[in-house]
Amino acid sequence: TQVFSITGNNFEPSSSAIAGITLVKGSGNTTITNNVISHLRSGSAISVIEVPGNQQTTTMISNNMARVGDSTSNANGITLKNTGYASILHNTVHGANRSLDASLLSINGGSTITALNNLLTNPNKAIGIAVSYTLAQSFPLVISDFNLIQTDSGRVGQISDGNNTTQFVSLPQWRSATSKD
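Residues numbered from 1 in each chain as written. Predicted model: local features only at pLDDT ≥ 70, side-chain atom pairs only at ≥ 80, totals over all residues. Heavy atoms only, no water.

Q: Just to check I follow, could you spell out the sheet that holds strand β18 (residues 155-160) for this structure?
A: The strands that make up a sheet pair up through hydrogen bonds in the backbone, lying either parallel or antiparallel. Here we have seven strands laid out as an open sheet, ordered β3-β6-β9-β12-β15-β18-β19, and mixed in their pairing. Bordering the open sheet on either side are β3 (19-24) and β19 (165-168), each of which pairs with just one other strand. Between one strand axis and the next, the sheet turns by 10° as a mean value, whatever way the strands run. Bridge count between strand β15 (residues 127-132) and β18: five bridges; the pairing is parallel. For isoleucine 127, the partnering residue across the bridge sits in β18 and is arginine 155. Where helix α1 (residues 171-178) meets the sheet, it contacts β15, β18 and β19, and its direction lies at approximately 30° from that of β18. (Pairing = 2+ DSSP bridges. Helix = DSSP H or I, 4+ residues; strand = E, 2+ residues; numbered from the N terminus. Axes fitted to C-alpha atoms, helices over the stretch in contact; angles between N-to-C directions. Contact = heavy atoms within 4.5 Å.)

This is the structure we're talking about:
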């Protein structure tokens, strides 16, 4: 089985860039590791879109560093959309965002996602972990623990279940709602 790997890159996108690393419509067996994306002003530093995966073909996003957003723009850190069997491990995302329009880890749909030991910080407004899914799906973030989530005037987490969006300003609120972290 072939493994697709994006490893050891250092990106400093131009001021008009809207992405760092983007993988669209893969099949799993993907590793995105040891990359540095600095000063991304909009879009997402790492995006994995429509990579369903399974127990044998997983996606691993690990040991990456990203600095996103600035005083006049907002960017996301790691974004998964309709992706399954993904592990997000040991990443550092530092945001300079000033709006709740940005999240440091965003999960939209998908299934069987694990997030462990990530550092997600933003000194101003941002959402630490945002999870969106439809009522026909189950909560896609199955394991989330040992993550450091810090946003001074933002939100630790947000859940959108297809009907309602709820934001959590503290880790105890997030834990109570999700049994995670």
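Q: Can you help me understand the nonpolar core in this one?
A: The nonpolar side chains of soluble globular proteins are, as a tendency, buried together. Core analysis: the biggest nonpolar cluster contains 35 residues, and Val68, Leu105, Ile129, Leu141 and Trp174 have the highest contact counts within it. Apart from residues lying up to four places away in sequence, leucine 141 is in contact with Ile107, Ile113, Thr114, Ala115, Ile129, Val131, Trp174 and Lys180. (Core = buried A, V, L, I, M, F, W, Y, C linked by side-chain atoms within 4.5 Å. Buried < 20%, exposed > 50% of the residue type's maximum accessible area, 1.4 Å probe, protein only.)

Q: How should the environment of asparagine 64 be read in this particular structure?
A: For asparagine 64, the location among the structural elements is in the loop between β7 (59-62) and β8 (65-68). A relative accessible area of 3% places asparagine 64 in the buried class. When the C-alpha positions of asparagine 64 and histidine 90 are compared, they lie 7.4 Å apart, and in sequence the two are 26 residues distant. What asparagine 64 contacts, discounting residues up to four positions off in sequence, is Ile32, Thr33, Asn34, Asn35, Ile46, His90, Asn91 and Thr92.

Q: Teacher, can you tell me more about the environment of isoleucine 107 here?
A: Within the secondary structure, isoleucine 107 is located in strand β12 (residues 103-108). Each C-alpha atom of the pair isoleucine 107 and serine 144 lies 12 Å from the other, and the pair is 37 residues apart in sequence. Setting aside residues up to four positions removed in sequence, isoleucine 107 forms contacts with Leu80, Ile113, Ala130, Val131, Ser132, Pro140 and Leu141.

Q: Looking at this model, I keep getting lost on the packing of aromatic side chains. Mind explaining?
A: For any pair of aromatic rings, geometry is given as the distance between the ring centres together with the angle between the planes. Within this structure, the stated rule accounts for two aromatic pairs. Judged by centre distance (5.6 Å) and plane angle (90°), the ring pair of tyrosine 133 and phenylalanine 139 falls under edge-to-face. (Phe/Tyr/Trp six-rings, centres within 6.5 Å; stacked < 30°, edge-to-face > 60°.)

Q: Teacher, can you tell me more about the pairing of β7 here?
A: Regular strands place their side chains on alternate faces of the sheet. Sheet topology places strand β4 (residues 30-33) next to β7; four bridges connect them, and they run parallel. By the bridge assignment, threonine 31 is partnered in β7 with methionine 60.

Q: How should the pattern of salt bridges be read in this particular structure?
A: Oppositely charged side chains may form a pair once their charged atoms are brought near each other. A full pass over the atoms with the stated rule returns two salt bridges. Residues lysine 25 and glutamate 50 are paired through a salt bridge, measuring 2.7 Å at the closest nitrogen-oxygen approach. With a gap of 25 residues between them, lysine 25 in the loop between β3 and β4 and glutamate 50 in the loop between β6 (44-49) and β7 connect regions that are remote in the sequence. Overall, the relative accessible area of 60% leaves lysine 25 in the exposed class. With its nearest N and O atoms 3.3 Å apart, the salt bridge here joins aspartate 70 to arginine 41. Of this pair, aspartate 70 sits in the loop between β8 and β9 (76-81) while arginine 41 sits in the loop between β5 (36-40) and β6, placing them 29 residues apart in sequence. We classify aspartate 70 as buried; its relative accessible area is 19%. Taking the relative accessible area as the measure of exposure, arginine 41 reaches 28% and is therefore partly exposed. (Salt bridge = Lys/Arg side-chain N within 4 Å of Asp/Glu carboxyl O.)

Q: Would you take a moment to explain the sheet that holds strand β10 (residues 84-89) for this structure?
A: Spatial strand order, β1-β4-β7-β10-β13-β16: six strands in an open sheet with parallel pairing. Here the strands that pair on one side only, and so sit at the sheet edges, are β1 (4-7) and β16 (141-145). In this sheet, neighbouring strand axes are inclined to one another by 5° on average, regardless of whether the strands run parallel or antiparallel. As paired strands, β10 and strand β13 (residues 111-116) are joined by five bridges and run parallel to one another. Bridged to serine 87 within β13 is threonine 114.

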